[in-house]
Amino acid sequence: AALAEMAGALKANMREGLLPSGGKVHWRMAVLSGAALSMMVRRDKRVDQETAALFLLGLNSDILPMRQMCRAVLPALFICAEVPEGPSDEMEVETTSEDTEMSDAPGGGLLTPASFDAPLDRDFPGPFFDPVWSGWARAPRGASALGKGPAAAAAAAAAQEALASPEWVQGVIDKVSQDHRLSGDERAEGSKSGAAAGMPLASAAVQAAWALRISFPRTSATPLSDSFSLNNMLTFAGLARAVGPAVVAAVWGPLTTAIEAKSDRELQCTAAEVVAGLHVGSHAWAPSDTGVMSAKLSELLSATLPATEPGSVDFWAMGLRYMVCNRDPRRTPWLSKLAASLTSTAPDAKSSDISRGLKMQQALMMEYAWRGLPLAREVALGSNMHLGGTSKTVREEAGRGLVLIAKSLLPRQDGSAQSPSTATEISSWLLPLLPQLHTAYLAAPLDATTQAGLELKGKIEGVLYFLIHALRLGHGRAVGGVLPAALPLMLAVQDASDREFAQVGLVALQLASASVPHPAVAAALVTQAEAALSSESWRVRRAALTVAGELAHAAPLDAPLAARVHALVDPALGDVQIEVRQQASQVMAGLLRSAPPATLQAMLARAPKGRRRGKVAAPEASEQDRAGALVKRHAKVLAVAAAILSTPTELPEWMADAVTSLCALNDEDPLIRSSITKAVGEFRKSHEDMWPQVRMTWTEDQLRLVSESSGTQSYFS
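Residues numbered from 1 in each chain as written. Predicted model: local features only at pLDDT ≥ 70, side-chain atom pairs only at ≥ 80, totals over all residues. Heavy atoms only, no water.

From N to C terminus, the chain includes 31 helices and zero strands. Counting over 717 residues, the chain shows a buried share of 51%. Summed over its atoms, the accessible surface of the chain is roughly 32500 Å², and 55% of this surface lies on carbon and sulfur atoms. (Helix = DSSP H or I, 4+ residues; strand = E, 2+ residues; numbered from the N terminus. Buried < 20%, exposed > 50% of the residue type's maximum accessible area, 1.4 Å probe, protein only. Areas by Shrake-Rupley, 256 points an atom, 1.4 Å probe, with all protein chains shown as cover.)

This is how it looks when you write it as structure tokens:
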């Protein structure tokens, strides 16, 4: 009785707050009452028709926080209505049903790539395997909401009454698109977690409980768009789940009208949310009704997706992701086939059309993962061809897509006689291609204004984008076998006159060095770096030192690898090019942090002695000899500077002698003085917090030398 009285008061407050004008309750009170009522519905009180009608009416409210709350609550409300009373209300994991089962028979295991290899041109009869869904997330197929109990019938009746009003349907769609137009603190769906600005904490808690219960979606991929609202999509999914196929007739007219406004980004986002919601909600319908709905959506999307404008591609891509999330890919072969047809390899195809199709395919591959073998095989050849396209955007999208394709095409031990992915294994096309590209690049510089040169640049850049995205997305193990073959190409492009192109290669080799999956691969990369140090290009030699340093940092406990890297970097301190020497000093500073004390002392022992005043170089010394002597002296200074910079947060006993040994060098070449000033300045900045200790432990002569060498300290230094 107390619960009923409380619910009645909350509903009265919410009803008054929904009045267009003249209500006696402030809208904030109405929103908080609705949030409290939603919490009661989840546990303490079954859903009734009046409660469901109030939340549905709130979707068309003029109050922004009210609309936010209702979108967060309604999906959970519809699910709660379907849950029977009693102990079965607790969390249960679904295992088998009439169209979902797991077989342990030989060759019948469903969790292998071969078992998901169903042709895209025909329907798969089953059985299906969906990722684990909780008991709340799935309704019995073929049973309408009206037959699931009093609470479900009440919610369905309220939804039918709301959908019977064309004004309400149009108003809800208009309000959703209106909220997408807001920005800043007024944005309707402003945060990735769903708790938008102004949303009461109670309704945010309801939404979090809903997301946890339904386990939707379970993916680690980054969202393609922050504007696409999961709340909006699940609201329409809840309506479709409760009412059944009758929802299509109610929303189809406003939906097609919104889709026709191609230049209106907000309406396109709303349409993508509605389409995804209808598809997700149809999972609970009878198989025949689901098939009819799929055919209707297939016809709609076949006309919509190829004509989507660039600003709306991410919205539809997110919609595709949610349509297939947590579902067996064999349930939606029509959607996979549609995505595969969105790209063209024709020479006259527009780059914007190709890029749009690649993004749509990526959206499905993100969710399918290794279960998307048929789609991956279908689009692999096209993506390979686009990898060397003339458009940089297409090359980058093709590289990103091939990462997802490679994840599906990698061979697995499935117990079958013939692996379905052996022919398209990543190394089968990449390993022969990398040496070819390297040889062609060395034979013909890319700065030649020829069509062949531009095509070669496009192919190289496409392969580098593929490796970059693979390593950034954490698939280093998938491409680890080709990294030693790819490193010579990454190093070679460092000498390109197009510095933007060279930067792509630099990013690729930095990621490759920091993402080594196996010690054998690291050893092979060090071998490549050793060979690159004999290159005539100083940019290549400098990049090889970068690789060596990253490899040492990626495996700090591998003593043999660290010794090889140290032996590689040490001679580079005396390179003829100043940029290479400076890079070697920076890398050496990092290596000395974990090096044995004897190695550090050996570096400090290289400190050069000061020149005697008035001493003049021997007249018989040639210009080449004087340059060589300068390089050797500079190398000694850089060795000591590396030792000083290797301890940026400590003050060992040898630090005073090391710093002052550089400060005492007078009458030096400007090149050497510049390196000394920089090293001493870096020491002062890194030890600024310890300067009182320096003043107490160092002598006055040492402090004077440091002050004279580093100059006057200022904020900008």
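Counted at 1.5 Å a residue, the expected span for helix α8 (residues 230-243) with its 14 residues is 20 Å, and the 20 Å between its end C-alpha atoms agrees. In terms of burial, α8 is largely enclosed, as 13 of its 14 residues are buried. Of the residues that open α8, the one with a side-chain oxygen 3.3 Å from the backbone nitrogen of N231 is S229. Looking at the residues trailing α8, positive phi occurs at G244, about 90°. (Expected span 1.5 Å × (residues − 1). Polar contact = N/O pair within 3.5 Å; in protein donor to acceptor, adjacent residues only side chain to side chain.)

Attention now moves to the side chain of D328. One can find D328 in the loop between α12 (313-324) and α13 (333-340). Judged by relative accessible area, which is 1%, D328 ranks as buried. Within polar-contact distance, the side chain of D328 engages the side chain of R330 at 2.7 Å. Not counting the four nearest positions on each side in its chain, D328 is found in contact with F116, F128, F129, D130 and R371. (Contact = heavy atoms within 4.5 Å.)

Residues L56, L301, V569 and W698 are the most contacted members of the largest nonpolar core, which totals 195 residues. Setting aside chain neighbours within four positions, we find L301 in contact with V275, P306, W316, L320, M323, W334, L335 and L338. (Core = buried A, V, L, I, M, F, W, Y, C linked by side-chain atoms within 4.5 Å.)

Under the definition given, this model contains 21 salt bridges. A salt bridge links R330 to D328; the nearest nitrogen and oxygen atoms lie 2.7 Å apart. For the pair shown, R330 and D328 are each scored as buried. Between E396 and R400 there is a salt bridge, and its shortest N-O distance comes to 3.7 Å. Residue E396 and its partner R400 are located together in helix α16 (residues 392-409), separated by four residues, close to a single helical turn. On the accessibility criterion, E396 (27% relative accessible area) is partly exposed. On the basis of relative accessible area, R400 is assigned to the partly exposed category, the value being 22%. Residues participating in the shared-partner salt-bridge network are R67, R71 and D179. (Salt bridge = Lys/Arg side-chain N within 4 Å of Asp/Glu carboxyl O.)

With that out of the way, let us pick up the packing of aromatic side chains. Per the counting criterion, the structure on display carries three aromatic pairs. With a centroid separation of 5.7 Å and an interplanar angle of 5°, the aromatic rings of F683 and W698 are classed as stacked. In this pair, F683 is assigned in helix α29 (residues 670-686) and W698 in the loop between α30 (691-697) and α31 (700-710), connecting sequence segments 15 residues apart. Of the two residues examined, F683 and W698, each falls in the buried class. Ring pairing ties together the aromatic residues F683, W691 and W698, which thus form one cluster. Note that K296 overlies the ring of W252, its terminal NZ or CZ placed 4.6 Å from the centroid. (Phe/Tyr/Trp six-rings, centres within 6.5 Å; stacked < 30°, edge-to-face > 60°. Lys NZ or Arg CZ within 6 Å of the ring centre and 35° of its normal.)

To continue, consider the packing of helix α10 (residues 265-281) against α12. Two elements in contact, α10 and α12, have axes whose closest approach is 9 Å; the angle formed by their N-to-C orientations is 10°. Looking at the two axes, α10 sits roughly parallel to α12. Touching R265, Q268, C269, A271, A272, V275, A276, H279 and V280 of α10 are F315, W316, G319, Y322 and M323, all from α12. Tallied by class, residues from the contact of α10 with α12 come to 10 nonpolar, three polar and one charged. (Axes fitted to C-alpha atoms, helices over the stretch in contact; angles between N-to-C directions. Parallel < 35°, antiparallel > 145°, perpendicular 65-115°, else oblique. Nonpolar A, V, L, I, M, F, W, Y, C, P; charged D, E, K, R; others polar.)

Following both chains from N to C, one finds helix α1 (residues 2-17) and helix α3 (residues 49-58) inclined at 30°, their axes separated by 11 Å at the closest point. Taken together, the axes of α1 and α3 are roughly parallel relative to one another. Relative to α3, the crossing made by α1 is left-handed. Facing α1, whose interface residues are K11, M14 and R15, α3 presents E50, T51, L54 and F55. (Left-handed = near helix turned anticlockwise from the far one by under 90°.)

It should be kept in mind that the predicted coordinates are not to be read in detail where pLDDT is low. With 80% of its residues at a pLDDT of at least 70, the chain reaches an overall mean of 79. Every residue in residues 133-147 is under pLDDT 50, and counting partners more than four places away or in other chains gives 55 contacts. (pLDDT = per-residue confidence, 0-100.)

Our focus in this paragraph is the environment of R265. Relative to the elements of secondary structure, R265 occurs in helix α10. When the C-alpha positions of R265 and H180 are compared, they lie 8.9 Å apart, and in sequence the two are 85 residues distant. Setting aside its immediate chain neighbours within four residues, R265 contacts G311, S312 and F315.

Right, let's talk about helix α22 (residues 519-532) for a bit. Under the 1.5 Å per step criterion, the end-to-end length of α22 is 20 Å for 14 residues, consistent within 8% with the ideal 20 Å. Listed as buried for α22 are V521, A522, L525, V526, A529 and A532. Down the axis of α22, the buried side of the element spans an arc of 140°, and every buried residue falls inside it. In the core, the buried residues of α22 are packed alongside α20 (483-492), α21 (499-514), α23 (538-554) and α24 (559-569). (Arc of directions from axis to C-beta.)

Turning our eyes to something else, we now look at the environment of Q583. Assignment of secondary structure puts Q583 in helix α25 (residues 578-592). The spatial distance from the C-alpha of Q583 to the C-alpha of T546 is 7.6 Å, given a sequence separation of 37 residues. Residues within four places of Q583 in sequence aside, it is in contact with R542, L545 and T546.

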